[in-house]
Amino acid sequence: MSGVVEPDLSVTVGPLALENPVLTASGTFGYGLEFEPFLKLDELAGFVTKGLSPRPREGNPPPRIVETPAGMLNTIGLQNIGVDAFIRDKLPRLREYDTAVIANVFGETEAEYVEVCSKLDQAEGVAAIELNVSCPNTEQGGMIFGNDAAALHAVTAACRKASRLPLIVKLSPNVTDIRVTARAAVEGGAEVLSLVNTFVGMQVDVERRRPVLKKVCGGLSGPAIRPLAVWMTWQVHEAVDVPLIGMGGISTAADALEFILAGASAVQVGTANFVHPDGSIRVLRELREWLKEHDVATLRELIGAGHSKAPA
Amino acid sequence: MSGVVEPDLSVTVGPLALENPVLTASGTFGYGLEFEPFLKLDELAGFVTKGLSPRPREGNPPPRIVETPAGMLNTIGLQNIGVDAFIRDKLPRLREYDTAVIANVFGETEAEYVEVCSKLDQAEGVAAIELNVSCPNTEQGGMIFGNDAAALHAVTAACRKASRLPLIVKLSPNVTDIRVTARAAVEGGAEVLSLVNTFVGMQVDVERRRPVLKKVCGGLSGPAIRPLAVWMTWQVHEAVDVPLIGMGGISTAADALEFILAGASAVQVGTANFVHPDGSIRVLRELREWLKEHDVATLRELIGAGHSKAPA
Amino acid sequence: MPRDITTAVLANTDLGAGNWLLEFGAPEMAAGMRPAQFFMIGIPGSATILRRPYSVCGLPGTFDDRPHGTVQVLYKVVGQGTRLLASLAPGARITVLGPLGNGFNEPDDAETTPVLVAGGIGSAPFPAWISKLKDRFPPPLMFYGAAGADDLVLADWFAERTELQTATDDGSAGTHGLVTEPLSRALDRERDRKLKLYACGPEPMLQAVGKIAGERGLTCELSLEAHMACGFGVCLGCVVPVRRDGDEVGYDRVCLEGPVMDARCLAW
Amino acid sequence: MPRDITTAVLANTDLGAGNWLLEFGAPEMAAGMRPAQFFMIGIPGSATILRRPYSVCGLPGTFDDRPHGTVQVLYKVVGQGTRLLASLAPGARITVLGPLGNGFNEPDDAETTPVLVAGGIGSAPFPAWISKLKDRFPPPLMFYGAAGADDLVLADWFAERTELQTATDDGSAGTHGLVTEPLSRALDRERDRKLKLYACGPEPMLQAVGKIAGERGLTCELSLEAHMACGFGVCLGCVVPVRRDGDEVGYDRVCLEGPVMDARCLAW
Ligand SMILES: Cc1cc2nc3c(=O)[nH]c(=O)nc-3n(C[C@H](O)[C@H](O)[C@H](O)COP(=O)(O)OP(=O)(O)OC[C@H]3O[C@@H](n4cnc5c(N)ncnc54)[C@H](O)[C@@H]3O)c2cc1C
Ligand SMILES: Cc1cc2nc3c(=O)[nH]c(=O)nc-3n(C[C@H](O)[C@H](O)[C@H](O)COP(=O)(O)OP(=O)(O)OC[C@H]3O[C@@H](n4cnc5c(N)ncnc54)[C@H](O)[C@@H]3O)c2cc1C
Ligand SMILES: Cc1cc2nc3c(=O)[nH]c(=O)nc-3n(C[C@H](O)[C@H](O)[C@H](O)COP(=O)(O)O)c2cc1C
Ligand SMILES: Cc1cc2nc3c(=O)[nH]c(=O)nc-3n(C[C@H](O)[C@H](O)[C@H](O)COP(=O)(O)O)c2cc1C
Ligand code: FES
Ligand code: FES
């Protein structure tokens with residue numbers, strides 16, 4: 001006996017107005033166009049590109065991936081076509097779609113981050129920038145930008161100045177207290193936080209007595225990390241005032257709702273895109289059904305609703 | 001055509017000489033006696049008790065556990081019978097077994113840790129103490145002992161003085177760089193490090209729109225965390241010189257060997273004890289078979305062998 | 001002494017409305033197993049790693065058309081574990097740990113009439129229990145509530161062996177409303193008989209039944225549910241608050257001190 | 001255009017020594033699928049989340065006794081995913097994404113004799129390929145190596161359709177030793193014929209075959225393996241080092257630019 005005919009799925013994520021809360025995660029959706037055979041890009045609220053660097057990168061030697069219990073490790077090494085080729089070859093085609101193109105950006109130095117952000121600022125058709133700060137800072141001896149509040153504050157502030165585009169900072173989960181880095185990013189000028197990037201892990205090939213991945217360690221993603229990512233989203237929601245985009249192991253509407261109830265205004269689907277090429281659309285459609293079945297008129301009323309102290 | 005008749009599984013873990021490398025993890029094996037119906041305690045190298053506090057504790061209100069993808073969250077709240085009842089009611093029966101009884105210890109203040117360690121020092125039949133430092137330090141506003149190098153150094157040093165028993169410090173994985181806390185524990189007097197304790201996570205009950213666990217968050221264990229735990233073992237092996245005991249999602253010989261090749265001298269089986277009450281013995285027997293099949297005469301030659309740069 | 005076996009599914013029958021009857025061979029486990037004791041059942045190689053607790057529904061002899069030495073489990077699909085269980089075809093391997101827990105206790109004397117209260121899939125332990133009580137106690141009174149008629153699984157079986165009254169939330173069968181209403185009425189009517197209550201079902205129902213029994217001074221055994229990891233007393237995950245002597249509140253394990261508990265002991 | 005379907009296992013046959021033949025219905029996917037293209041096959045609800053890549057072994061017509069519209073996959077149990085696949089009974093649900101990758105390319109002219117080299121389960125793509133080449137090119141020479149006689153699956157089928165030479169590591173069938181030995185000898189013998197090589201098997205074998213072909217100036221297509229997450233080009237997990245124009249080394253995706261690659265392009 002539902003009164004809701006078509007639930008309102010639209011959300012406002014800081015400066016971004018999205019038709020629905022389902023985005024796809026960087027590195028799991030290429031440059032979007034690869035998914036044309038499998039889904040209508042227009043149906044998605046938007047997607048995040050593979051991480052873009054100032055110049056093209058070939059990435060790490062293989063093996064680069066391995067499955068783990070309910071997850072996978074990857075050490076792609078940020079292989080990408082570079083920001084110039086992205087703007088030249090991909091953006092024009094992407095502009096044909098009614099979907100938010102969020103450019104994921106990384107560099108080995110603060111200057112590289114700034115370089116990519118400035119170039120994107122000049123380009124047409126980019127809805128927002130997401131900073132991937134889970135990269136080793138070559139100027140600081142390999143320390144990870146995102147694991148150090150001061151470095152994170154600095155790189156965020158520099159990128160904030162380099163472009164007028166909405167700025168999302170994507171938090172690393174490999175920290176003692178994610179609220180500390182979350183606050184640093186917000187103080188540095190992040191308008192939105194997305195979380196989480198992958199957890200560092202490794203697998204040993206017992207037969208060969210050496211690491212499976214050529215580069216020894218990689219990033220863990222997939223359902224295995226969901227409980228950790230939901231908890232971080234929950235904590236950051238209580239610590240800062242900017243909107244959040246949650247991710248980590250989402251492959252069903254229920255998974256997405258865990259993040260939304262914990263405080264995320266939108267979500268990104270990552271590894272699940274590999275399991276089903278239209279994995280993101282499946283989440284979106286299930287979410288719409290769920291809202292109908294539960295008689296929820298607007299998804300917005302669920303954002304952060306898990307924190308309410310009232311007994312359910 | 002194996003030349004190995006009976007492989008030598010014995011290991012030396014600092015001051016501890018063990019018949020084989022398979023122990024069971026604190027909180028997953030009760031006080032050992034609960035497993036009498038299911039296995040021969042003598043067959044295990046040893047086991048770690050449920051965490052012991054100065055006085056009995058009732059623990060947290062339910063729900064206390066929930067399954068997650070390839071893992072489980074728990075918030076038992078360190079329910080235990082207290083160190084006095086352990087010494088009085090459990091140790092006499094445990095002395096009948098030829099197995100190393102390792103007492104897991106925790107407190108809310110440094111003084112509580114010291115109190116439990118002193119009492120165990122006087123008791124007969126305790127092979128070693130394992131400090132559980134993943135507890136909130138009530139004197140320091142709830143900061144976790146094990147997530148702060150200075151607090152960890154202090155509590156380790158205090159416990160080191162309080163007893164002559166071999167001292168194992170169990171590291172928390174919820175830190176930015178586990179090598180830092182590993183070094184602090186060693187400098188504080190830890191003779192062995194065990195790792196890892198559980199990762200903090202949560203699950204949201206989407207139907208009820210609130211956390212599944214009464215205490216909101218809990219500790220994630222099981223196969224899901226294995227890649228993270230192996231990586232931490234790998235890193236700590238390169239950072240300190242004391243022997244390591246590895247754990248996190250071990251349920252087969254191959255899982256155990258990942259930790260051993262990464263640098264652990266022994267392993268603990270945790271959540272797998274819930275899946276099969278004799279889960280630990282299964283790992284041990286598989287390990288023995290594996291060594292035979294692979295013609296490995298002594299398990300010791302595998303400890304840390306994954307680090308060797310030689311191509312296999 | 002619980003055993004841990006790997007065995008094959010013999011039958012897995014869809015009873016409609018998401019209710020299923022699983023059958024496997026476990027003659028040694030069944031010998032000496034008490035009604036309301038339970039199994040932890042796992043599906044190796046599946047997406048779930050922990051086993052799930054299920055009461056024994058049928059012991060050898062309970063369902064006289066079933067092969068000798070087999071046991072039955074009645075279950076409802078509510079989440080991933082039960083969904084996977086329902087997907088198993090005969091021949092599929094499962095792991096079974098049991099018997100676990102304490103089980104129902106018989107009435108103290110042969111004149112006492114057992115009063116059985118089941119809510120939804122909470123009917124699961126009653127077939128074995130009814131078979132065990134048969135001919136040794138007066139025929140039980142049974143009160144069986146569910147969401148709708150489809151959920152009153154095995155109602156015919158129960159009707160043949162008990163004085164059955166049903167209730168449904170939607171009124172599609174029996175009384176329209178909660179099962180506790182016909183129960184209270186009957187208890188008031190039967191004041192002269194000696195009665196002992198046994199209930200299994202959702203927590204709010206168990207609380208209500210415990211209260212109803214308490215108000216009338218009747219002994220009431222409740223078979224509880226809880227999230228379980230181990231099922232044999234070591235994870236401490238499955239506790240419920242209980243009143244100890246002296247009214248102090250502590251935690252008992254549903255898997256070991258329960259699943260059957262005296263309603264008066266619970267500190268809900 | 002790849003499709004993503006959920007379908008039922010029609011047959012799953014144990015061929016011995018850990019080798020299995022899986023059959024499912026996929027008429028639309030099969031139409032236009034090329035030999036050495038592959039599927040990503042997943043087992044919903046299982047302990048594995050990522051799908052696994054398997055070559056198409058039989059297309060409609062390849063095995064003439066098989067029902068119309070069905071395809072076959074030949075696989076060997078090597079780890080958890082293949083073990084779970086082998087546990088599936090007819091009726092079990094699998095997800096299948098395909099056709100993926102590029103497939104083998106026919107010889108340039110009708111006089112060229114195809115030379116097929118298979119190592120172990122690397123024989124999988126050849127039945128479909130042999131059927132496609134049939135009557136349009138000279139009968140293929142085939143070199144098939146494996147650990148032992150038991151691992152030479154479908155050897156009789158191949159023997160009827162090719163000039164087959166086998167080799168085993170343990171000497172239990174064919175030449176004792178590596179398959180590359182009879183291969184080199186044959187290539188040296190057949191210098192006058194136009195030949196094109198197609199190989200599938202373990203990496204060391206592919207490297208050796210590529211080298212043998214290169215030394216003799218023969219074109220050689222290798223069907224490669226790699227760990228895959230997606231199978232359709234987006235995860236960048238499955239790359240192999242290749243020589244680009246100008247001898248610069250870069251990475252190509254086995255799933256999209258491959259799995260069939262010209263041996264000369266690989267920078268192993
Ligand atoms: C002693 C005992 C005997 C039981 N006997 C039966 C039986 O005979 N037949 C039957 O159908 N069910 C029985 N149950 C309940 C059964 O164990 C749960 O329905 C099952 O574990 C759900 O697993 P799932 O993976 O499908 O659901 P999940 O996805 O784990 O959860 C689905 C829903 O069920 C709840 N739930 C999960 N586990 C439990 C649990 N252990 N107890 C209560 N609620 C839970 C969750 O909170 C959630 O709302 C019994 C439980 C206990 C403790
Ligand atoms: C294009 C392509 C076509 C293939 N066709 C077939 C086929 O027709 N029949 C068949 O039996 N196998 C085929 N394979 C290999 C098959 O995909 C692997 O055997 C399978 O993924 C192993 O899965 P698992 O979970 O059982 O093993 P895992 O537990 O994942 O691994 C077991 C062992 O296999 C290795 N391995 C895992 N995945 C791969 C992989 N993708 N490629 C190579 N080695 C791997 C691991 O390193 C390990 O040594 C193909 C692979 C590719 C890339
Ligand atoms: C193969 C792969 C490549 C990735 N590449 C990037 C990247 O380039 N930039 C980035 O910020 N995150 C990258 N990520 C992280 C994902 O965007 C996401 O944060 C993470 O996978 C968790 O989400 P999931 O569990 O849904 O996959 C990558 C993840 C995977 C699996
Ligand atoms: C139910 C439960 C209770 C635990 N209790 C304790 C404890 O009292 N003290 C402690 O140091 N670790 C405790 N742990 C952590 C385990 O000892 C172990 O570090 C962790 O579970 C990882 O290993 P696993 O993945 O094999 O379970 C507990 C874990 C579980 C699952
Ligand atoms: S389920 Fe583990 S103690 Fe009860
Ligand atoms: S498997 Fe993902 S790019 Fe090839």
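The coordinates are above.
Residues numbered from 1 in each chain as written. Chains lettered and ligands numbered in written order. Predicted model: local features only at pLDDT ≥ 70, side-chain atom pairs only at ≥ 80, totals over all residues. Heavy atoms only, no water.

## Examining the site of ligand 1
Residues and elements named next belong to chain C. Convention followed: For this purpose, a residue is taken to be near a molecule or strand whenever a single non-hydrogen atom of the residue falls within 4 Å of it. Here a polar contact is recorded for every N or O atom pair within 3.5 Å, except that within protein the pair must consist of a potential hydrogen donor and a potential acceptor, and residues adjacent in sequence are included only if both atoms are side-chain atoms. For the area figures, the Shrake-Rupley method with a 1.4 Å probe applies, and any residue is considered shielded solely by the protein chains shown. Put simply, DSSP marks the helices as runs of H or I at least four residues long and the strands as runs of E at least two long, and each gets a number from the N terminus on.
As a structural note, the neighbourhood of ligand 1 is formed by 21 residues, with R52, P53, G81, T82 and A226 the closest of them. Take E225: an N or O atom from its side chain is 3.4 Å from a nitrogen atom of ligand 1. Between ligand 1 and H227 there is a distance of 3.2 Å, counted from an oxygen atom to a side-chain nitrogen or oxygen. In isolation ligand 1 has 840 Å² of accessible area, and contact with the protein removes 80% of it. For the shell around ligand 1, the leading source of residues is strand β4 (residues 52-55), giving 4 residues.

## Some thoughts on the interface of chain C and chain B
Accessible area lost upon the coming together of the parts is a frequently used measure of interface size. For the record, the criterion: By definition in these notes, contact holds between two residues if any of their heavy atoms fall within 4.5 Å. Criterion for a salt bridge: a side-chain nitrogen of Lys or Arg within 4 Å of a carboxyl oxygen of Asp or Glu.
Taken together, the contact between chain C and chain B spans 27 residues of the former and 30 residues of the latter. On the surface where chain C and chain B come into contact, there are 3 salt bridges. For the interface between chain C and chain B, the tally reads 9 residue pairs in polar contact (both at pLDDT 80 or more). Counting only elements with at least two residues in the side of chain C that touches chain B, the list comes to β6 (93-100), β13 (239-243) and β14 (249-253) of chain C. Ranked by residues supplied to the side of chain C that touches chain B, first place goes to β14 of chain C with 3 residues.

## So, the nonpolar core
Side chains of a nonpolar character, in soluble globular proteins, are inclined to be buried together. Put simply, the test is: Only buried residues count toward a nonpolar core. Its members are Ala, Val, Leu, Ile, Met, Phe, Trp, Tyr and Cys residues joined through side-chain atoms within 4.5 Å. A 1.4 Å probe rolled over the protein chains alone gives each residue an accessible area, and that area as a share of the maximum for its type sets the label: buried under 20%, exposed over 50%, partly exposed in between.
L120 and L193 of chain A together with L120 and L193 of chain B are the most contacted members of the largest nonpolar core, which has 297 residues in total. Discounting residues that sit within four places of it in the chain, L120 of chain B has contacts with L52, V83, F86, I87, A103, V105, V126, I129 and L165 of chain B. Among the nonpolar cores identified, the runner-up in size contains 26 residues, and F126, F137, M142 and V260 of chain D belong to it.

## Re the sheet that holds strand β10 (residues 175-176) of chain D
Residue and element names in this part refer to chain D. Under the convention used in this document: At least two DSSP bridges between two strands are required for those strands to pair. A fitted line through C-alpha atoms represents every axis, and for helices the fit uses only the stretch in contact; the resulting angles, taken between N-to-C directions, go from 0 to 180 degrees.
Pairing within the open sheet is mixed, and its 7 strands lie in the order β10-β9-β8-β7-β11-β12-β15. Of all strands in the sheet, those with a lone pairing partner are β10 and β15 (260-262), marking the two edges. As paired elements, strand β8 (residues 141-146) and strand β9 (residues 163-168) share 6 bridges and run parallel to each other. Residue F143 lies in a different strand from β9, and its bridge partner there is Q165. Packing of helix α3 (residues 126-133) onto the sheet brings it into contact with β7 (113-119), β8 and β11 (195-200), and relative to β7 it is tilted by some 170°. Running at roughly 170° to β11, helix α6 (residues 203-215) makes contact with β7, β11 and β12 (220-223) of the sheet.

## Describing the relation of the copies chain A and chain B
Just so we agree on the cut-off: Alignment of the copies relies on least squares applied to C-alpha atoms, considering only residues that score at least 70 for pLDDT in both.
With an RMSD of 0.0 Å, chain A superimposes on chain B once it is rotated by 180° and translated 0.0 Å along the axis. With respect to symmetry, the two chain copies, as superposed, fit the operation of a two-fold axis. The share of interface residues of chain A whose copies in chain B are also at the interface is 100%, consistent with both copies meeting through the same surface.

## What about the interface of chain A and chain B?
Rule in force here: Accessible-area loss on putting two parts together, using a 1.4 Å probe and summing over both, is the definition of buried area adopted here. All amino acids are sorted into three groups, where Ala, Val, Leu, Ile, Met, Phe, Trp, Tyr, Cys and Pro are nonpolar, Asp, Glu, Lys and Arg are charged, and the leftover types, Gly among them, are polar.
Contact residues are listed per partner, giving 43 residues for chain A and 43 residues for chain B. Around 3700 Å² of area is buried between chain A and chain B when both sides are counted, 68% of it from carbon and sulfur atoms. The tally of links from chain A across to chain B stands at 0 salt bridges. Remark: the boundary between chain A and chain B carries 7 residue pairs in polar contact (both at pLDDT 80 or more). For the side of chain A that touches chain B, the elements supplying multiple residues, two or more each, are β11 (199-201), β13 (210-211), α5 (226-239) and α6 (253-262) of chain A. With 6 residues, α5 of chain A is the single largest residue contributor to the side of chain A that touches chain B. Looking at side-chain class alone, the side of chain A that touches chain B contains 29 nonpolar, 8 polar and 6 charged residues.

## Some details on the site of ligand 3
Within the structure, ligand 3 sits among 25 residues, and S26, K170, G222, G249 and T271 of chain A are positioned closest to it. Mapping the residues near ligand 3 onto chains gives chains A and D. Taking V196 of chain A, its main chain carries an N or O atom lying 3.0 Å from an oxygen atom of ligand 3. Within the side chain of T271 of chain A, one N or O atom sits 2.6 Å away from an oxygen atom of ligand 3. When isolated, ligand 3 has an accessible area of 610 Å², and the protein chains bury 98% of it. Here the shell around ligand 3 is composed, by residue class, of 8 nonpolar, 15 polar and 2 charged.

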